[in-house]
Amino acid sequence: MSAGLARHTVVSMLLKTILSFVLAVVPAAAPATPDIPVAELHGRLIALADGRDITAGLIHVRNGTRQWSDAVGVRDLASGAPAVAGGHFRIGSVTKTFAATVLLQLTDEGRLALDDPIERHLPGVVPDGGRVTVRHLLQHTSGLHDYMSEPGYSTNRWRASARFDDYTPSQLLKVAFAKGPDFETPGESWHYSNTNYVVAGLLIEKLTGRPYGDEVTRRILRPLHLTHTSVPGHRSSLPVPHARGYEPLPTTPPSIVDATDMDPSLDWAAGEMVSTTRDLTTFVTALIEGRLTSQASLTEMRRMREAVPLFRYGLGLQEFAIPCATGPKPVLGHTGQLIGYLTVAFTDGKGKSLTLSLNPHERDPSTEAVVSMATAVFC
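Residues numbered from 1 in each chain as written. Predicted model: local features only at pLDDT ≥ 70, side-chain atom pairs only at ≥ 80, totals over all residues. Heavy atoms only, no water.

Looking at an unreviewed UniProt entry, the chain carries the name Conserved putative secreted protein, with the source organism given as Amycolatopsis japonica.

Enquirer: Sorry if this is basic, but what is going on with the packing of helix α3 (residues 95-108) against helix α7 (residues 195-208) here?
Expert: Packed helix pairs are specified by the crossing angle of their axes together with the interaxial distance, meaning the distance between the axes. Their axes nearest at 10 Å, the elements α3 and α7 cross at an angle of 40°. Crossing geometry of α3 relative to α7 is assigned as left-handed. On α7, the residues touching Lys-96, Ala-99, Ala-100, Val-102, Leu-103 and Leu-106 of α3 are Tyr-197, Ala-200, Leu-203, Ile-204, Leu-207 and Thr-208. (Axes fitted to C-alpha atoms, helices over the stretch in contact; angles between N-to-C directions. Helix = DSSP H or I, 4+ residues; strand = E, 2+ residues; numbered from the N terminus. Left-handed = near helix turned anticlockwise from the far one by under 90°. Contact = heavy atoms within 4.5 Å.)

Enquirer: It is not clear to me how unusual backbone geometry should be interpreted in this structure. Could you clarify?
Expert: Peptide bonds are trans in most cases, and residues, glycine excluded, mostly fall at negative phi. Geometrically, the link from Val-240 to Pro-241 is a cis peptide bond, its omega value of 0° lying close to zero. The topology assignment puts Pro-241 in the loop between α8 (212-221) and β4 (246-249). For the bond running from Thr-252 to Pro-253, omega is -5°, close enough to zero to count as cis. By the secondary structure assignment, Pro-253 is in the loop between β4 and β5 (255-258). One non-glycine residue, His-140, lies in positive phi territory at about 60°. Mapped onto the secondary structure, His-140 falls in the loop between α5 (134-139) and α6 (169-177). The phi torsion at Trp-268 lies on the positive side, around 45°, for a residue other than glycine. Among the structural elements, Trp-268 can be located in the loop between β5 and β6 (274-275). On the basis of relative accessible area, Trp-268 is assigned to the buried category, the value being 12%. (Buried < 20%, exposed > 50% of the residue type's maximum accessible area, 1.4 Å probe, protein only.)

Enquirer: I'm lost on the packing of aromatic side chains in this one. Help?
Expert: When we look at a pair of aromatic rings, we describe it by the centre distance and by the angle of the planes. Applying the stated criterion to the full structure yields eight aromatic pairs. Look at Trp-190 and Tyr-192: their rings are 6.3 Å apart centre to centre, the planes differ by 55°, and that puts the pair in the tilted class. For the pair Trp-190 and Tyr-192, a shared accessibility class is recorded, and that class is buried. Seen in terms of ring centroids, Trp-190 and Phe-311 are 5.7 Å apart; in terms of plane orientation they differ by 85°. Their pairing is edge-to-face. Of the two residues, Trp-190 is situated in the loop between α6 and α7 and Phe-311 in strand β8 (residues 311-313); the sequence distance between them amounts to 121 residues. Each member of the pair, Trp-190 together with Phe-311, is buried. Members of the aromatic cluster, joined through ring pairs, are Trp-190, Tyr-192, Phe-311, Tyr-313, Phe-320 and Phe-346. (Phe/Tyr/Trp six-rings, centres within 6.5 Å; stacked < 30°, edge-to-face > 60°.)

Listed below in structure tokens is the structure:
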């Protein structure tokens, strides 16, 4: 999910209405998997596909030791081959949670402190880096301008052949720093900026002497056996199997383009990773259960501040309030979006987790459709 987009995404729509949305629960058939509303969730995904809101929808739910995966729709519009539950997809800004976790591990090792100024570790890289801290980066309170808000630099928009252009982190920072900060004093406000996590990726590399993707693999993917999660670098294709990602264009008549293949270096540590619903469920569950960092670091990650009226932000973590009959229920995780792919990865930290990947078709799925699935799982 990148800031400054004119086109409303499912995630932004969700944020605008989640507190006011009251779900009218529709009775569902008895689930095949105890404690997981399988029939209801499958039916809601089918309705999205039948309504041409999505070309494919993938879901994974965990409730304690019970797990369930499902897929609806097609892998591609040309062949009509069915989507598969273990399909790969671009996770977008959920990548930020991986990068933040690595930096908190480095904090646990005494390699840096959250309130260290960036200038101490990356001298001369960030303007006014003596006042911008590691915490500011991870919490989006640095004020650093988001390079993705500049024309031609958003992976949420169709870029035609330019989507195969290669970028380096220094090129991305040059675009960001050509503009002044979004606010003058770091920490005084909150503004989502992908630039923060490009700097975070560079910080990981400086402290470890290795590519940030190698550290994500060594510290998170291998220990958790996330064999279907990857850091693609400049690889433009997705691992097989995968559902292709499409983008509707405002042409006359309306048209749909295939946006699946792209060089994800424009996102880098802010959003380039690829995964599956099962792998992401394993990751967010392990993180919030305290299996990846010390308890002190996890407490810092979960220390939320107001971001926008309808969600709060910690260190690489979002906190949403799911509307339940007994009142809002907080869930933790992150959302992500690259063109053609929308990801939601949430856990309540008490045994329930939901990961959802949607491929928009002719329109964005309705807010109610997305919220109702989270409500069915967590309420």
